[in-house]
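Report on the structure
Below, each chain spelled out in residue letters.
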Amino acid sequence: MRFKLHAFLALILVSLVTGLVAGIPAEKVVPTLLAGFGTTLGSVALLVGLGAMLGRLVEVSGGAQALADDLIRLFGEKRAPFALGVASLIFAFPIFFDAGLVVMLPIIFTVARRVGGGLLRYGIPAAGAFSCMHVFVPPHPGPVAATELLKSDIGLVTLVGFVIAIPTWYVTSYLFGLWIGRRIDVKVPDILSGGPQAATVANPPKSSTVILLLLLPLAIIFLNTGLDALGAADVFDRKAQWFQVARGLGATPIALLVAVLVASYALGRRRGRSGLEIEKLVDSALGPICSITLITGAGGMFGGVLRASGIGGALSQALDGLGLHIFVAAYVIAAALRIAQGSATVALITAAGLVQPAVEAAGYVGVDRAAIVIALGAGSVIASHVNDSGFWLVGRFFEMDLKTTLKTWTVLETLISLMGFALAGLIFVLF
(Lines give C-alpha, C1' and ligand atoms only; values in the text may rest on other atoms or scores of the structure.)
Protein backbone atom coordinates (compact mmCIF):
# COMPACT_ATOMS: atom_id res chain seq x y z
CA MET A 1 0.00 0.00 0.00
CA ARG A 2 2.80 2.42 0.89
CA PHE A 3 4.92 1.94 -2.25
CA LYS A 4 2.07 1.07 -4.66
CA LEU A 5 3.88 -2.14 -5.57
CA HIS A 6 1.83 -4.55 -7.67
CA ALA A 7 0.20 -7.17 -5.44
CA PHE A 8 1.77 -10.09 -7.34
CA LEU A 9 5.30 -8.71 -6.91
CA ALA A 10 4.66 -7.69 -3.30
CA LEU A 11 3.44 -11.15 -2.32
CA ILE A 12 6.40 -12.90 -3.94
CA LEU A 13 8.83 -10.52 -2.21
CA VAL A 14 7.18 -10.84 1.20
CA SER A 15 6.98 -14.63 0.86
CA LEU A 16 10.69 -14.80 0.03
CA VAL A 17 11.74 -12.54 2.93
CA THR A 18 9.41 -14.32 5.37
CA GLY A 19 10.82 -17.71 4.40
CA LEU A 20 14.39 -16.54 5.02
CA VAL A 21 13.59 -14.74 8.29
CA ALA A 22 11.49 -17.63 9.62
CA GLY A 23 14.46 -19.96 9.40
CA ILE A 24 13.46 -22.13 6.45
CA PRO A 25 16.75 -23.50 4.99
CA ALA A 26 17.91 -21.32 2.10
CA GLU A 27 17.86 -24.19 -0.39
CA LYS A 28 14.23 -24.96 0.52
CA VAL A 29 12.83 -21.42 0.38
CA VAL A 30 12.14 -21.34 -3.36
CA PRO A 31 10.70 -24.90 -3.46
CA THR A 32 8.43 -23.90 -0.55
CA LEU A 33 7.28 -20.82 -2.48
CA LEU A 34 6.61 -22.89 -5.59
CA ALA A 35 4.75 -25.56 -3.61
CA GLY A 36 2.43 -22.99 -2.01
CA PHE A 37 1.88 -21.23 -5.33
CA GLY A 38 1.28 -24.46 -7.26
CA THR A 39 -1.07 -25.96 -4.67
CA THR A 40 -3.26 -22.86 -4.69
CA LEU A 41 -3.24 -22.58 -8.47
CA GLY A 42 -4.11 -26.25 -8.74
CA SER A 43 -7.34 -25.68 -6.84
CA VAL A 44 -8.17 -22.19 -8.13
CA ALA A 45 -6.97 -21.80 -11.73
CA LEU A 46 -9.25 -24.44 -13.28
CA LEU A 47 -12.27 -23.20 -11.34
CA VAL A 48 -11.69 -19.54 -12.15
CA GLY A 49 -10.88 -20.22 -15.81
CA LEU A 50 -13.87 -22.46 -16.46
CA GLY A 51 -16.14 -20.23 -14.39
CA ALA A 52 -15.04 -17.18 -16.38
CA MET A 53 -15.77 -19.00 -19.66
CA LEU A 54 -19.24 -19.94 -18.43
CA GLY A 55 -19.80 -16.38 -17.26
CA ARG A 56 -18.71 -14.95 -20.61
CA LEU A 57 -21.12 -17.20 -22.52
CA VAL A 58 -23.99 -16.33 -20.18
CA GLU A 59 -23.23 -12.59 -20.39
CA VAL A 60 -22.70 -12.27 -24.15
CA SER A 61 -25.75 -14.39 -25.04
CA GLY A 62 -27.96 -12.03 -23.05
CA GLY A 63 -28.77 -14.80 -20.56
CA ALA A 64 -27.47 -12.87 -17.56
CA GLN A 65 -29.63 -9.89 -18.51
CA ALA A 66 -32.69 -12.11 -18.98
CA LEU A 67 -32.23 -13.76 -15.57
CA ALA A 68 -31.55 -10.39 -13.93
CA ASP A 69 -34.73 -8.94 -15.43
CA ASP A 70 -36.82 -11.88 -14.20
CA LEU A 71 -35.30 -11.72 -10.70
CA ILE A 72 -36.10 -8.01 -10.49
CA ARG A 73 -39.61 -8.60 -11.85
CA LEU A 74 -40.20 -11.33 -9.24
CA PHE A 75 -38.63 -9.73 -6.16
CA GLY A 76 -38.62 -6.05 -7.09
CA GLU A 77 -35.61 -3.76 -7.42
CA LYS A 78 -35.45 -3.05 -3.69
CA ARG A 79 -35.12 -6.74 -2.84
CA ALA A 80 -32.67 -7.66 -5.62
CA PRO A 81 -29.72 -7.95 -3.17
CA PHE A 82 -31.81 -10.31 -1.01
CA ALA A 83 -32.74 -12.42 -4.03
CA LEU A 84 -29.09 -12.74 -5.09
CA GLY A 85 -28.07 -13.67 -1.56
CA VAL A 86 -30.72 -16.38 -1.24
CA ALA A 87 -29.77 -17.80 -4.65
CA SER A 88 -26.12 -17.84 -3.53
CA LEU A 89 -27.02 -19.67 -0.30
CA ILE A 90 -28.69 -22.39 -2.39
CA PHE A 91 -25.74 -22.64 -4.78
CA ALA A 92 -23.29 -22.63 -1.86
CA PHE A 93 -24.66 -25.77 -0.20
CA PRO A 94 -22.80 -28.32 -2.35
CA ILE A 95 -20.38 -26.09 -4.30
CA PHE A 96 -17.16 -24.63 -2.88
CA PHE A 97 -16.58 -20.92 -2.36
CA ASP A 98 -14.32 -20.19 -5.36
CA ALA A 99 -16.37 -22.03 -7.96
CA GLY A 100 -19.74 -20.86 -6.68
CA LEU A 101 -18.78 -17.20 -6.56
CA VAL A 102 -17.32 -17.23 -10.08
CA VAL A 103 -20.48 -18.89 -11.47
CA MET A 104 -22.70 -16.25 -9.82
CA LEU A 105 -20.60 -13.21 -10.80
CA PRO A 106 -22.18 -12.51 -14.22
CA ILE A 107 -25.63 -12.46 -12.59
CA ILE A 108 -24.40 -10.22 -9.75
CA PHE A 109 -22.75 -7.79 -12.19
CA THR A 110 -25.75 -7.67 -14.49
CA VAL A 111 -28.24 -7.02 -11.67
CA ALA A 112 -25.95 -4.32 -10.26
CA ARG A 113 -25.79 -2.61 -13.68
CA ARG A 114 -29.52 -2.96 -14.22
CA VAL A 115 -30.69 -1.63 -10.84
CA GLY A 116 -27.77 0.62 -9.85
CA GLY A 117 -26.48 1.54 -6.42
CA GLY A 118 -22.94 0.18 -6.74
CA LEU A 119 -21.53 -3.34 -6.77
CA LEU A 120 -21.16 -3.89 -3.01
CA ARG A 121 -24.92 -3.71 -2.44
CA TYR A 122 -25.26 -6.92 -4.46
CA GLY A 123 -21.81 -8.51 -4.26
CA ILE A 124 -21.42 -8.58 -0.47
CA PRO A 125 -24.70 -10.48 0.24
CA ALA A 126 -23.80 -13.04 -2.45
CA ALA A 127 -20.13 -13.48 -1.49
CA GLY A 128 -21.06 -13.62 2.21
CA ALA A 129 -23.54 -16.41 1.48
CA PHE A 130 -20.81 -18.58 -0.06
CA SER A 131 -18.49 -17.84 2.86
CA CYS A 132 -21.09 -18.70 5.54
CA MET A 133 -21.93 -22.01 3.96
CA HIS A 134 -18.25 -22.82 3.32
CA VAL A 135 -17.23 -22.64 7.00
CA PHE A 136 -20.39 -23.75 8.81
CA VAL A 137 -22.14 -26.44 6.76
CA PRO A 138 -21.01 -29.85 5.46
CA PRO A 139 -20.21 -31.14 2.81
CA HIS A 140 -17.55 -28.42 2.69
CA PRO A 141 -14.14 -29.86 3.61
CA GLY A 142 -13.43 -27.88 6.79
CA PRO A 143 -16.64 -28.73 8.68
CA VAL A 144 -16.53 -32.34 7.45
CA ALA A 145 -12.94 -32.85 8.63
CA ALA A 146 -13.63 -31.17 11.99
CA THR A 147 -16.75 -33.32 12.44
CA GLU A 148 -14.74 -36.48 11.83
CA LEU A 149 -11.89 -35.40 14.12
CA LEU A 150 -14.24 -34.59 16.99
CA LYS A 151 -16.36 -37.69 16.26
CA SER A 152 -19.51 -35.61 16.07
CA ASP A 153 -22.65 -36.54 14.13
CA ILE A 154 -22.55 -35.19 10.54
CA GLY A 155 -26.34 -34.80 10.39
CA LEU A 156 -26.41 -32.83 13.64
CA VAL A 157 -23.53 -30.61 12.53
CA THR A 158 -25.35 -29.94 9.24
CA LEU A 159 -28.55 -29.01 11.10
CA VAL A 160 -26.77 -26.75 13.60
CA GLY A 161 -24.69 -25.29 10.76
CA PHE A 162 -27.81 -24.29 8.83
CA VAL A 163 -29.44 -22.84 11.97
CA ILE A 164 -26.38 -20.63 12.47
CA ALA A 165 -25.46 -19.89 8.84
CA ILE A 166 -28.86 -18.40 7.79
CA PRO A 167 -29.24 -15.66 10.46
CA THR A 168 -25.49 -15.00 10.34
CA TRP A 169 -25.75 -14.40 6.58
CA TYR A 170 -28.78 -12.14 6.97
CA VAL A 171 -27.14 -9.84 9.53
CA THR A 172 -23.48 -9.88 8.51
CA SER A 173 -23.81 -10.16 4.74
CA TYR A 174 -27.21 -8.90 3.62
CA LEU A 175 -27.70 -6.03 6.09
CA PHE A 176 -24.00 -5.18 6.14
CA GLY A 177 -23.95 -5.26 2.32
CA LEU A 178 -26.78 -2.73 2.15
CA TRP A 179 -25.03 -0.53 4.73
CA ILE A 180 -21.52 -0.62 3.24
CA GLY A 181 -22.93 -0.27 -0.28
CA ARG A 182 -24.29 3.17 0.66
CA ARG A 183 -20.91 4.28 2.00
CA ILE A 184 -18.42 2.88 -0.51
CA ASP A 185 -19.17 3.16 -4.21
CA VAL A 186 -17.56 0.34 -6.19
CA LYS A 187 -18.30 0.43 -9.91
CA VAL A 188 -19.41 -2.73 -11.70
CA PRO A 189 -16.34 -4.08 -13.56
CA ASP A 190 -16.23 -5.32 -17.16
CA ILE A 191 -13.92 -8.19 -16.26
CA LEU A 192 -16.30 -10.99 -17.33
CA SER A 193 -17.38 -9.13 -20.45
CA GLY A 194 -13.98 -9.30 -22.16
CA GLY A 195 -14.02 -5.50 -22.34
CA PRO A 196 -16.85 -2.99 -22.37
CA GLN A 197 -20.34 -4.27 -21.64
CA ALA A 198 -21.78 -6.30 -24.49
CA ALA A 199 -24.54 -4.74 -26.52
CA THR A 200 -28.13 -5.70 -25.76
CA VAL A 201 -29.02 -8.99 -27.45
CA ALA A 202 -32.23 -8.98 -29.50
CA ASN A 203 -33.17 -12.60 -28.78
CA PRO A 204 -31.68 -13.65 -25.43
CA PRO A 205 -32.21 -17.15 -24.02
CA LYS A 206 -34.93 -17.72 -21.46
CA SER A 207 -33.94 -17.22 -17.85
CA SER A 208 -34.98 -20.85 -17.22
CA THR A 209 -32.24 -21.95 -19.64
CA VAL A 210 -29.66 -19.94 -17.70
CA ILE A 211 -30.89 -21.33 -14.38
CA LEU A 212 -30.60 -24.88 -15.69
CA LEU A 213 -27.06 -24.19 -16.93
CA LEU A 214 -26.06 -22.79 -13.53
CA LEU A 215 -27.73 -25.71 -11.77
CA LEU A 216 -25.98 -28.29 -13.95
CA PRO A 217 -22.58 -28.17 -12.16
CA LEU A 218 -24.47 -27.86 -8.87
CA ALA A 219 -26.37 -31.09 -9.59
CA ILE A 220 -23.23 -32.98 -10.64
CA ILE A 221 -21.37 -31.90 -7.49
CA PHE A 222 -24.40 -32.70 -5.34
CA LEU A 223 -24.58 -36.24 -6.77
CA ASN A 224 -20.86 -36.59 -6.12
CA THR A 225 -21.37 -35.52 -2.51
CA GLY A 226 -24.23 -37.98 -2.14
CA LEU A 227 -22.07 -40.81 -3.47
CA ASP A 228 -19.35 -39.92 -0.99
CA ALA A 229 -21.83 -39.92 1.90
CA LEU A 230 -23.27 -43.29 0.84
CA GLY A 231 -19.75 -44.67 0.50
CA ALA A 232 -18.87 -43.47 4.00
CA ALA A 233 -22.03 -45.19 5.29
CA ASP A 234 -20.93 -48.45 3.58
CA VAL A 235 -23.96 -48.46 1.28
CA PHE A 236 -21.56 -48.66 -1.67
CA ASP A 237 -18.08 -50.15 -1.86
CA ARG A 238 -15.75 -47.14 -2.02
CA LYS A 239 -13.03 -49.29 -3.61
CA ALA A 240 -15.23 -50.42 -6.51
CA GLN A 241 -14.03 -49.19 -9.89
CA TRP A 242 -17.42 -47.74 -10.90
CA PHE A 243 -17.50 -45.80 -7.64
CA GLN A 244 -14.04 -44.32 -8.20
CA VAL A 245 -14.91 -43.36 -11.80
CA ALA A 246 -18.21 -41.75 -10.74
CA ARG A 247 -16.46 -39.78 -7.96
CA GLY A 248 -13.84 -38.59 -10.41
CA LEU A 249 -16.41 -37.46 -12.97
CA GLY A 250 -18.30 -35.60 -10.25
CA ALA A 251 -15.31 -33.48 -9.16
CA THR A 252 -15.89 -29.71 -9.24
CA PRO A 253 -13.57 -28.93 -12.21
CA ILE A 254 -15.24 -31.68 -14.29
CA ALA A 255 -18.69 -30.37 -13.33
CA LEU A 256 -17.74 -26.87 -14.51
CA LEU A 257 -16.19 -28.28 -17.71
CA VAL A 258 -19.45 -30.06 -18.52
CA ALA A 259 -21.38 -26.82 -17.85
CA VAL A 260 -19.10 -24.85 -20.22
CA LEU A 261 -19.47 -27.45 -22.99
CA VAL A 262 -23.26 -27.55 -22.63
CA ALA A 263 -23.40 -23.72 -22.51
CA SER A 264 -21.26 -23.53 -25.66
CA TYR A 265 -23.97 -25.50 -27.45
CA ALA A 266 -27.09 -24.09 -25.78
CA LEU A 267 -25.98 -20.43 -25.83
CA GLY A 268 -23.74 -20.65 -28.90
CA ARG A 269 -24.22 -23.25 -31.62
CA ARG A 270 -27.95 -23.60 -31.00
CA ARG A 271 -28.37 -19.83 -31.34
CA GLY A 272 -26.51 -19.61 -34.64
CA ARG A 273 -22.95 -18.89 -33.55
CA SER A 274 -20.16 -20.67 -35.41
CA GLY A 275 -17.51 -22.74 -33.72
CA LEU A 276 -14.94 -20.01 -34.42
CA GLU A 277 -17.14 -17.37 -32.75
CA ILE A 278 -17.58 -19.53 -29.67
CA GLU A 279 -13.83 -20.19 -29.51
CA LYS A 280 -13.13 -16.44 -29.60
CA LEU A 281 -15.77 -15.78 -26.96
CA VAL A 282 -14.38 -18.25 -24.41
CA ASP A 283 -10.82 -17.17 -25.22
CA SER A 284 -11.73 -13.55 -24.48
CA ALA A 285 -12.81 -14.63 -20.99
CA LEU A 286 -9.33 -15.83 -20.01
CA GLY A 287 -7.22 -12.70 -20.53
CA PRO A 288 -8.91 -10.50 -17.90
CA ILE A 289 -8.74 -13.18 -15.19
CA CYS A 290 -5.03 -14.04 -15.57
CA SER A 291 -4.02 -11.32 -13.11
CA ILE A 292 -6.63 -12.56 -10.61
CA THR A 293 -5.39 -16.13 -10.89
CA LEU A 294 -1.71 -15.25 -10.45
CA ILE A 295 -2.36 -12.93 -7.49
CA THR A 296 -4.56 -15.57 -5.84
CA GLY A 297 -1.75 -18.11 -6.31
CA ALA A 298 0.73 -15.67 -4.77
CA GLY A 299 -1.57 -15.24 -1.78
CA GLY A 300 -1.55 -19.01 -1.38
CA MET A 301 2.25 -18.90 -1.68
CA PHE A 302 2.48 -16.53 1.28
CA GLY A 303 0.17 -18.75 3.34
CA GLY A 304 2.22 -21.81 2.38
CA VAL A 305 5.45 -20.17 3.56
CA LEU A 306 3.84 -19.26 6.88
CA ARG A 307 2.65 -22.84 7.36
CA ALA A 308 6.11 -24.21 6.51
CA SER A 309 7.65 -21.85 9.06
CA GLY A 310 5.99 -23.81 11.88
CA ILE A 311 3.80 -20.95 13.02
CA GLY A 312 0.91 -23.32 13.69
CA GLY A 313 2.84 -25.37 16.23
CA ALA A 314 4.25 -22.24 17.87
CA LEU A 315 0.78 -20.74 18.22
CA SER A 316 -0.74 -23.91 19.63
CA GLN A 317 2.00 -24.08 22.30
CA ALA A 318 1.53 -20.41 23.15
CA LEU A 319 -2.24 -20.80 23.50
CA ASP A 320 -2.12 -24.16 25.29
CA GLY A 321 -1.52 -22.74 28.75
CA LEU A 322 -4.10 -19.92 28.72
CA GLY A 323 -6.64 -21.89 30.75
CA LEU A 324 -9.57 -21.07 28.49
CA HIS A 325 -12.81 -23.05 28.40
CA ILE A 326 -12.64 -25.67 25.64
CA PHE A 327 -15.38 -23.95 23.59
CA VAL A 328 -13.60 -20.58 23.74
CA ALA A 329 -10.17 -22.15 23.22
CA ALA A 330 -11.40 -23.87 20.02
CA TYR A 331 -12.48 -20.51 18.60
CA VAL A 332 -9.34 -18.63 19.69
CA ILE A 333 -6.94 -21.28 18.32
CA ALA A 334 -8.78 -21.46 14.97
CA ALA A 335 -8.86 -17.64 14.75
CA ALA A 336 -5.15 -17.32 15.55
CA LEU A 337 -4.23 -19.92 12.94
CA ARG A 338 -6.46 -18.27 10.36
CA ILE A 339 -4.91 -14.83 10.88
CA ALA A 340 -1.41 -16.30 10.89
CA GLN A 341 -1.52 -18.49 7.77
CA GLY A 342 -4.60 -17.49 5.77
CA SER A 343 -6.39 -20.73 4.89
CA ALA A 344 -9.76 -21.19 6.62
CA THR A 345 -9.77 -24.93 5.91
CA VAL A 346 -6.24 -25.43 7.29
CA ALA A 347 -7.06 -23.36 10.39
CA LEU A 348 -10.26 -25.30 11.02
CA ILE A 349 -8.75 -28.76 10.58
CA THR A 350 -5.57 -27.94 12.56
CA ALA A 351 -7.50 -26.40 15.45
CA ALA A 352 -9.90 -29.36 15.52
CA GLY A 353 -6.96 -31.73 15.85
CA LEU A 354 -5.51 -29.65 18.69
CA VAL A 355 -8.70 -29.54 20.79
CA GLN A 356 -9.90 -33.07 20.00
CA PRO A 357 -8.27 -34.75 23.07
CA ALA A 358 -9.72 -32.11 25.41
CA VAL A 359 -13.20 -32.45 23.91
CA GLU A 360 -13.14 -36.22 24.40
CA ALA A 361 -11.78 -35.90 27.94
CA ALA A 362 -14.55 -33.43 28.85
CA GLY A 363 -17.19 -35.93 27.71
CA TYR A 364 -19.09 -33.59 25.40
CA VAL A 365 -21.60 -35.31 23.13
CA GLY A 366 -24.44 -34.48 20.74
CA VAL A 367 -25.26 -30.79 20.30
CA ASP A 368 -22.29 -29.73 22.43
CA ARG A 369 -19.81 -31.32 20.03
CA ALA A 370 -21.66 -29.93 17.02
CA ALA A 371 -21.52 -26.43 18.56
CA ILE A 372 -17.77 -26.79 19.08
CA VAL A 373 -17.36 -27.72 15.40
CA ILE A 374 -19.25 -24.53 14.47
CA ALA A 375 -17.12 -22.49 16.88
CA LEU A 376 -14.02 -23.84 15.11
CA GLY A 377 -15.57 -22.84 11.78
CA ALA A 378 -16.32 -19.35 13.09
CA GLY A 379 -12.74 -18.89 14.23
CA SER A 380 -11.39 -20.12 10.90
CA VAL A 381 -13.11 -17.37 8.88
CA ILE A 382 -12.06 -14.30 10.88
CA ALA A 383 -10.07 -11.38 9.43
CA SER A 384 -9.34 -12.54 5.88
CA HIS A 385 -6.34 -10.51 4.71
CA VAL A 386 -3.34 -10.63 2.38
CA ASN A 387 -2.26 -14.21 3.17
CA ASP A 388 -5.68 -15.58 2.17
CA SER A 389 -6.20 -16.46 -1.49
CA GLY A 390 -9.93 -15.72 -1.13
CA PHE A 391 -9.11 -12.13 -0.16
CA TRP A 392 -7.41 -11.58 -3.51
CA LEU A 393 -10.07 -13.49 -5.45
CA VAL A 394 -12.87 -11.24 -4.18
CA GLY A 395 -10.82 -8.03 -4.24
CA ARG A 396 -9.64 -8.50 -7.82
CA PHE A 397 -12.95 -9.72 -9.26
CA PHE A 398 -14.66 -6.71 -7.67
CA GLU A 399 -11.74 -4.53 -8.86
CA MET A 400 -11.20 -3.05 -5.39
CA ASP A 401 -7.87 -1.70 -4.19
CA LEU A 402 -6.19 -3.19 -1.11
CA LYS A 403 -7.58 -0.62 1.35
CA THR A 404 -11.15 -1.03 0.10
CA THR A 405 -10.90 -4.83 0.24
CA LEU A 406 -9.75 -4.59 3.86
CA LYS A 407 -12.65 -2.24 4.70
CA THR A 408 -15.24 -4.50 3.07
CA TRP A 409 -14.27 -8.16 2.69
CA THR A 410 -12.07 -8.34 5.81
CA VAL A 411 -14.78 -6.68 7.92
CA LEU A 412 -17.44 -8.99 6.44
CA GLU A 413 -15.45 -12.13 7.31
CA THR A 414 -14.83 -10.84 10.85
CA LEU A 415 -18.54 -10.13 11.36
CA ILE A 416 -19.39 -13.65 10.14
CA SER A 417 -16.85 -15.05 12.60
CA LEU A 418 -18.07 -13.10 15.63
CA MET A 419 -21.79 -13.71 15.06
CA GLY A 420 -21.26 -17.37 14.21
CA PHE A 421 -19.29 -17.83 17.44
CA ALA A 422 -21.94 -16.01 19.49
CA LEU A 423 -24.78 -18.13 18.08
CA ALA A 424 -22.79 -21.34 18.53
CA GLY A 425 -22.12 -20.29 22.14
CA LEU A 426 -25.84 -19.73 22.70
CA ILE A 427 -26.63 -23.22 21.41
CA PHE A 428 -23.78 -24.70 23.51
CA VAL A 429 -25.15 -23.09 26.68
CA LEU A 430 -28.87 -23.71 26.07
CA PHE A 431 -28.76 -27.26 24.74
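This text goes with the structure placed above it.
A brief structural summary. Bear in mind the structure is a predicted one, so any value in this text is a computation, not a measurement.

1. Thoughts on a nonpolar patch on the surface
- There is a patch of nonpolar side chains on the surface, built from Phe3, Leu5, Leu9, Leu13, Leu16, Val17, Leu20 and Val21 and spanning about 810 Å² of accessible area.
- For Val17, the position within the fold is in helix H1 (residues 7-21).
- Classification of Val17 by relative accessible area gives partly exposed; the value is 43%.

2. Things to note about the pattern of salt bridges
- On inspection of all chains with the given rule, the structure shows 6 salt bridges.
- Between Arg73 and Asp70 there is a salt bridge, with the nearest N and O atoms lying 2.3 Å from each other. Taken together, the positions of Arg73 and Asp70, both in helix H3 (residues 63-75) and 3 residues apart, correspond to about one turn of that helix.
- Arg73 sits in the exposed class, given a relative accessible area of 63%.
- Owing to a relative accessible area of 28%, Asp70 belongs among the partly exposed residues under this scheme.
- Residue Lys187 pairs with Asp185 through a salt bridge whose shortest N-O separation is 2.8 Å.
- Judged by relative accessible area, which is 60%, Lys187 ranks as exposed.

3. Overview of the packing of helix H4 (residues 80-92) against helix H5 (residues 97-115)
- The interhelical angle for the contact between H4 and H5, taken along N-to-C directions, is 175 degrees, at an axis separation of 11 Å. As judged from the angle between their axes, H4 and H5 are roughly antiparallel. Listed contacts from H5 to Ala80, Leu84, Ala87, Ser88 and Phe91 of H4 are Met104, Ile107, Ile108 and Val111.
- Broken down by class, the residue content of the contact of H4 with H5 amounts to 8 nonpolar, 1 polar and no charged.

4. Concerning the nonpolar core
- Within the largest apolar cluster, 120 residues are counted, with the highest numbers of intra-cluster contacts made by Ile107, Phe136, Ile372, Leu376, Phe397 and Phe398.
- Take this core: its biggest share by element is 12 residues, from H5.

5. A few points about the side chain of Glu413
- With respect to the element layout, Glu413 can be found in helix H18 (residues 402-430).
- Side chain to side chain, Glu413 and Ser131 meet in a polar contact 2.6 Å long.
- When near neighbours in sequence (up to four residues on either side) are disregarded, Glu413 contacts Ser131, Arg338, Val381, Ile382, Ala383 and Ser384.

6. Some words on the side chain of Arg369
- Structurally, Arg369 is set in helix H16 (residues 367-380).
- Glu360 provides the closest opposite charge to the buried, unpaired Arg369, separated from it by 4.6 Å.
- Within the structure, the side chain of Arg369 is placed 2.4 Å from the backbone oxygen of Leu150, a separation counted as a polar contact.
- Not counting residues up to four positions away in its chain, the partners in contact with Arg369 are Leu150, Lys151, Ser152, Val359, Glu360 and Tyr364.

How each quantity is defined
Residues numbered from 1 in each chain as written. Predicted model: local features only at pLDDT ≥ 70, side-chain atom pairs only at ≥ 80, totals over all residues. Heavy atoms only, no water. Patch = residues over 30% accessible without salt bridge, like charges linked within 9 Å, V, L, I, M, F, W, Y side chains within 5 Å. Areas by Shrake-Rupley, 256 points an atom, 1.4 Å probe, with all protein chains shown as cover. Salt bridge = Lys/Arg side-chain N within 4 Å of Asp/Glu carboxyl O. Helix = DSSP H or I, 4+ residues; strand = E, 2+ residues; numbered from the N terminus. Buried < 20%, exposed > 50% of the residue type's maximum accessible area, 1.4 Å probe, protein only. Axes fitted to C-alpha atoms, helices over the stretch in contact; angles between N-to-C directions. Parallel < 35°, antiparallel > 145°, perpendicular 65-115°, else oblique. Contact = heavy atoms within 4.5 Å. Nonpolar A, V, L, I, M, F, W, Y, C, P; charged D, E, K, R; others polar. Core = buried A, V, L, I, M, F, W, Y, C linked by side-chain atoms within 4.5 Å. Polar contact = N/O pair within 3.5 Å; in protein donor to acceptor, adjacent residues only side chain to side chain. Lys, Arg positive; Asp, Glu negative; His and termini not counted.

Fair warning: the whole summary comes from geometry, so function is off the table for now.
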